[in-house]
Amino acid sequence: MQLKPVNVGILGLGTVGGGTINVLARNAKEIARRAGREIKIVAAAAREVKGCSTDGFTVTEDPFEVVNNPDVEIIVELIGGYNPAKELVLTAIRNGKHVVTANKALIAMHGNELFAEAQKHGVTIAFEAAVAGGIPIIKALREGLAGNSISWVAGIINGTGNFILTEMRDKGRDFADVLAEAQALGYAEADPTFDVEGIDAAHKLTILASIAFGIPLQFDKTFTEGICNITRDDMQYAEELGYRIKHLGIARRTDAGIELRVHPTMIPERRLIANVDGVMNAVLVMGDAVGPTLYYGAGAGAEATASAVVADLVDVVRALTTDPENRVPHLAFQADSLSDMPILSADEFETAYYLRMNAVDEPGVLADVTRLLGEQGISIKSILQKSAANDDKLVPVVLLTQRVKEAKMNAALDAITQLASVSGPIARIRVESLN
Ligand code: HSE
């Protein structure tokens with residue numbers, strides 16, 4: 001018996017919405033063979049339409065018309081942002097509709113409430129496209145690695161930021177110029193400070209951590225530092241030391257709790273993830289049974305993200321006839337089995353450091369610096385002293401330390417800053433070996 005098509009309403013026909021319409025149209029037959037039914041867009045809400053045809057469905061400016069449309073069984077939310085996305089998704093759920101969304105901000109901030117509401121109404125919220133664009137990382141973590149105890153996840157999960165760092169390093173381009181290109185290519189967020197300040201990556205890391213460790217979503221406790229202070233000098237010194245600087249999201253389970261942090265990170269250049277360039281994303285997961293696994297692919301862009309949206313649509317269509325109690329849980333662990341492990345404050349993070357300071361070129365200065373580090377129990381791994389520019393009396397000194405609690409490093413840096421022989425702010429970049 002041929003089942004009737006599944007009717008879908010789509011909110012937003014911008015970069016990802018347009019990509020979704022095109023992928024659904026181009027691969028319609030194969031998608032129907034996978035889902036068991038044809039997936040048909042019957043209604044859309046959009047203020048502008050980007051790069052797709054709207055033949056075959058109605059387009060309104062009012063998204064509430066679509067979520068209240070009784071013919072629609074699944075809502076695809078691609079407008080992004082917190083509002084009105086939250087109200088739209090809640091309305092869809094209360095109308096008994098399943099939801100597919102690429103909205104990481106919405107899930108990271110309001111996911112706990114939305115998932116509870118979805119469970120109450122027997123519907124599903126699928127959000128593969130919210131993290132790392134086209135990489136099926138949610139599915140891999142939630143299902144493929146379900147036998148593992150996961151100790152950490154580290155990822156390049158913002159394509160725009162990675163594109164900027166790569167272009168600055170390889171071509172010496174200006175930050176602002178590369179950011180403008182990322183915006184033109186449709187990679188950047190509506191507010192691009194979300195990309196460069198790490199907020200977008202923090203949204204995604206929040207989601208990954210919940211699925212990896214079975215904890216509620218806790219975006220407000222995620223530490224975030226952006227890429228604006230990374231200089232070309234730091235990039236060059238990092239290379240001399242055998243490292244690359246990447247903007248990483250790291251979620252790590254320790255005995256005391258969970259580290260949730262997004263910041264520029266120096267990683268050994270021989271790691272595969274250190275060589276993930278441009279708009280590409282990659283997520284490295286450490287499981288106790290499988291060991292390290294790495295997932296790589298396009299982290300942003302119209303059809304790459306549409307790939308994840310359409311995969312979610314297929315999953316939801318397959319689940320339409322299943323018992324709501326026996327579906328894959330939203331956060332990988334059963335909702336009543338989430339853990340209350342604490343999220344650690346930045347003072348409790350433990351990591352190695354790269355430090356760069358300008359010091360007076362005279363005897364005893366390095367001894368003072370190393371003594372103040374030693375007083376906090378910080379061991380030094382290597383020191384580079386660069387030559388002074390022109391006749392400058394100040395020379396850049398670069399140090400790599402062993403792992404230490406962040407509170408101890410803060411205390412040491414406060415003391416070093418007071419030295420008369422050290423001038424200006426001290427640059428510090430956290431270092432992870434990822435092994
Ligand atoms: N602005 C995001 C990025 C889009 O650059 O990764 C994909 O989530």
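Above this note sits the structure.
Residues numbered from 1 in each chain as written. Predicted model: local features only at pLDDT ≥ 70, side-chain atom pairs only at ≥ 80, totals over all residues. Heavy atoms only, no water.

**Let's talk about the sheet that holds strand 4 (residues 74-77)**
- Read across the open sheet, the six strands follow the order 3-2-1-4-5-6; overall the sheet is parallel. Sheet topology places strand 3 (58-60) and strand 6 (125-126) at the edges, where each strand pairs with a single neighbour.
- With seven bridges joining them, strand 1 (residues 6-13) and strand 2 (residues 39-49) adopt parallel strand pairing. Counterpart to Leu 13 in the pairing with strand 2 is Val 49.
- Across the sheet, helix 1 (residues 15-26) lies against strand 1 and strand 2, angled at about 150° from strand 1, the strand it touches most. (Pairing = 2+ DSSP bridges. Helix = DSSP H or I, 4+ residues; strand = E, 2+ residues; numbered from the N terminus. Contact = heavy atoms within 4.5 Å. Axes fitted to C-alpha atoms, helices over the stretch in contact; angles between N-to-C directions.)

**Some details on the layout of surface pockets**
- Empty space within the largest pocket amounts to approximately 1,200 Å³.
- What lines the largest pocket is a set of 47 residues, and nearest its centre among them are Leu 78, Ile 79, Gly 80, Gly 81 and Ala 190.
- Examining the composition of the lining of the largest pocket, we find that four residues originate from one element, strand 2, more than from any other.
- When grouped by side-chain class, the residues that make up the lining of the largest pocket number 18 nonpolar, 18 polar and 11 charged.
- Composition of the lining of the largest pocket by domain shows at least three residues from each of domain 1 (6-134 + 302-337) and domain 2 (137-298).
- Taken together, 29 residues make up the lining of the second largest pocket; nearest its centre are Thr 124, Arg 327, Val 328, Pro 329 and His 330.
- Looking at the lining of the second largest pocket, the elements that each hand over two or more residues are helix 5 (104-120), strand 6, helix 6 (137-144) and helix 12 (302-319).
- When the residues that make up the lining of the second largest pocket are grouped by side-chain class, the tally is 15 nonpolar, seven polar and seven charged.
- Taken domain by domain, the makeup of the lining of the second largest pocket includes at least three residues from each of domain 1 (6-134 + 302-337) and domain 2 (137-298). (1 Å grid on protein atoms, 1.4 Å probe; cavity = no way out; pocket = protein on both sides within 12 Å on 5 of 7 lines; lining within 4 Å. Points joined across faces, edges and corners; volume = space filled by probe spheres on them. Nonpolar A, V, L, I, M, F, W, Y, C, P; charged D, E, K, R; others polar. Domains from an automatic or database assignment.)

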